[in-house]
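# Breakdown of the fold
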Amino acid sequence: MAGMAATASTTLRSSFCPAPEFASSNVGVRGGARIVRTHVQASAALPVVELAAQVVSGGGLGVIESDGISGLQFAVAGGGAIAALAAALSFADPEKRRQKQAAETGGDEKAVVRNYFNTKGFERWNRIYGETDDVNTVQLDIRTGHAQTVEKVLRFLGDRPLEGVTVCDAGCGTGSLSIPLALQGAHVYASDISSAMVEEAARRAGAALSSSSNGKPTQTPKFEACDLESITGKYDTVACLDVLIHYPQDKASAMVQHLASLAENRLLLSFAPYTLYYSVLKRIGELFPGPSKATRAYLHAEDDVEAALKEVGWVVRRREMTGTKFYFSRLLEAVPAAKAQ
Ligand SMILES: C[S@@+](CC[C@H](N)C(=O)[O-])C[C@H]1O[C@@H](n2cnc3c(N)ncnc32)[C@H](O)[C@@H]1O
């Protein structure tokens with residue numbers, strides 16, 4: 001499996017050149033595993049092969065995570081036929097697959113997400129957000145991209161001292177943001193829908209804070225297993241990184257407004273941005289179902305997020321984009337309009 005992944009990614013890297021045309025694609029089942037062959041020809045001016053690999057592999061935040069390219073044979077060859085792509089798109093029916101996944105989990109979409117991040121998803125993301133070498137090329141790239149997002153958030157927040165500042169890390173995962181904030185003296189409340197995630201975050205925080213020697217008075221974050229909707233209270237700052245991918249747009253606006261209502265001074269939101277380009281790539285990625293694609297992934301138009309904020313009197317003060325080969329995430333820092341400089 002690992003060998004296959006390495007072969008595939010090598011092929012993709014060596015074929016890196018812009019704007020592929022999809023020549024042919026066939027999908028079959030062999031020995032219970034779904035085998036997909038896609039022939040791609042690179043021809044124009046965008047790094048689509050890389051990004052298609054992202055969606056195909058279920059790469060970054062922007063799409064759906066998976067074990068990488070394993071389980072998938074991705075051959076680069078000649079020819080071009082968008083019709084084949086269209087046929088393949090109609091062949092795969094992601095909606096049916098999702099319904100099946102939901103039925104298997106015996107729950108609604110949120111139950112699917114919770115279950116996923118307590119089981120397979122926890123194992124996968126715990127590795128991605130950790131330091132283990134047990135990650136493939138795609139996962140390593142996602143780790144790098146995500147670390148860049150966290151770094152940017154810390155840079156935004158670092159423009160004033162964090163000692164004693166209350167921060168809510170909504171959907172905290174394994175604590176990638178909560179822990180550095182706590183180390184800088186912030187009083188952190190962190191929650192996640194997955195109890196496995198918060199347990200791991202608490203374990204990591206305990207280890208990091210006990211070995212810290214930065215001399216700052218620190219407080220262990222308060223970790224809690226609960227969904228975003230259930231968070232209450234008021235915090236100086238609220239951060240919600242890479243979680244909105246689990247919210248359809250009709251629910252995302254209400255969620256953005258809920259998060260803003262919890263914050264007194266600033267809100268940091270990162271999400272996979274909707275553009276035609278990314279949405280096509282995401283759709284292509286959906287051709288390649290894998291056991292790990294247990295959750296739906298939603299891209300969000302930046303304008304919609306901004307409009308939701310505006311409705312409740314918030315404005316975007318700063319924005320950043322992080323894009324690596326397999327990870328793409330828009331970061332917004334919003335503040336109450338009355339406090340905007
Ligand atoms: C891609 S991870 C990001 C984790 C963390 N924010 C970070 O950047 O390191 C997405 C996280 O969102 C959590 N999540 C998904 N849906 C959620 C919900 N409705 N409420 C709270 N957490 C949720 C998942 O359990 C997972 O830990």
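Residues numbered from 1 in each chain as written. Predicted model: local features only at pLDDT ≥ 70, side-chain atom pairs only at ≥ 80, totals over all residues.

### Things to note about the confidence of the model for the protein chain
The condition that has to hold: Scored between 0 and 100, pLDDT is the confidence that the predictor attaches to each residue. Contact between residues is assigned whenever the C-beta positions, reconstructed from backbone atoms, fall within 7 Å.
Summing up the model confidence of the protein chain, the mean pLDDT is 75 and the portion of residues at 70 or higher is 66%. Predicted confidence is poor over residues 1–60, with pLDDT under 50, and the contacts of this stretch with residues over four places away or in other chains come to 142 contacts. Across residues 62–92, where pLDDT falls below 50, the model places 91 contacts with residues more than four positions away in sequence or in other chains.

### Re the site of the ligand
Basically, it comes down to this: Nearness between a residue and a molecule or strand is assessed with a C-beta atom placed from the backbone; a distance within 6 Å qualifies. In DSSP terms, a helix is any run of H or I states spanning at least four residues, a strand is any run of E spanning at least two, and both are numbered starting from the N terminus. Side-chain classes are defined by residue name, with Ala, Val, Leu, Ile, Met, Phe, Trp, Tyr, Cys and Pro counting as nonpolar, Asp, Glu, Lys and Arg as charged, and the others, Gly among them, as polar.
With respect to spatial proximity, 20 residues lie near the ligand, and among them Phe 117, Gly 171, Gly 173, Ile 193 and Leu 241 are the closest. Per-element accounting of the shell around the ligand gives the leading share, 3 residues, to helix H5 (residues 109–118). Of the residues in the shell around the ligand, the class split is 11 nonpolar, 5 polar and 4 charged.

### Focus on the nonpolar core
So the rule is basically this: A set of buried residues qualifies as a nonpolar core if it consists of Ala, Val, Leu, Ile, Met, Phe, Trp, Tyr and Cys joined through C-beta atoms within 7 Å. Here a residue counts as buried when 20 or more other C-beta atoms fall within 10 Å of its C-beta, as exposed when 12 or fewer do, and as partly exposed in between; the C-beta atoms come from the backbone. Domain boundaries shown here were taken from an automatic or database domain assignment.
Ranked by size, the top nonpolar core spans 67 residues in total, and within it Ala 170, Val 238, Ala 239, Val 256, Leu 259, Leu 267 and Leu 269 carry the most contacts. Each of domain 1 (2–123) and domain 2 (125–275 + 296–339) contributes no fewer than three residues to this core. Val 238 has contacts with Cys 168, Ala 170, Leu 259, Leu 262, Ala 263 and Leu 267, leaving out every residue within four places of it along the chain.

### Here we look at the sheet that holds strand E4 (residues 166–170)
Which entries qualify depends on this criterion: For two strands to count as paired, DSSP must find a minimum of two bridges between them. An axis is simply a line fitted to the C-alpha atoms; with a helix, the fit covers only the stretch in contact. Between two such axes, the angle follows the N-to-C directions and lies from 0 to 180 degrees.
The 7 strands are arranged E6-E5-E4-E7-E8-E10-E9 in an open sheet whose pairing can be described as mixed. Looking at the sheet topology across the chains shown, the edges are occupied by strand E6 (222–225) and strand E9 (314–323). The average undirected angle you get between the axes of adjacent strands in this sheet is 15 degrees. As paired elements, strand E7 (residues 235–241) and strand E8 (residues 263–271) share 6 bridges and run parallel to each other. Bridging across to E8, Val 238 finds its partner in Leu 267. Relative to the sheet, helix H9 (residues 195–210) contacts strand E5 (187–192) and E6, its axis offset from that of E6 by approximately 165 degrees. Each of E4, E7, E8, E9 and strand E10 (328–336) touches helix H10 (residues 249–262); the most contacted strand, E8, lies at about 145 degrees to it.

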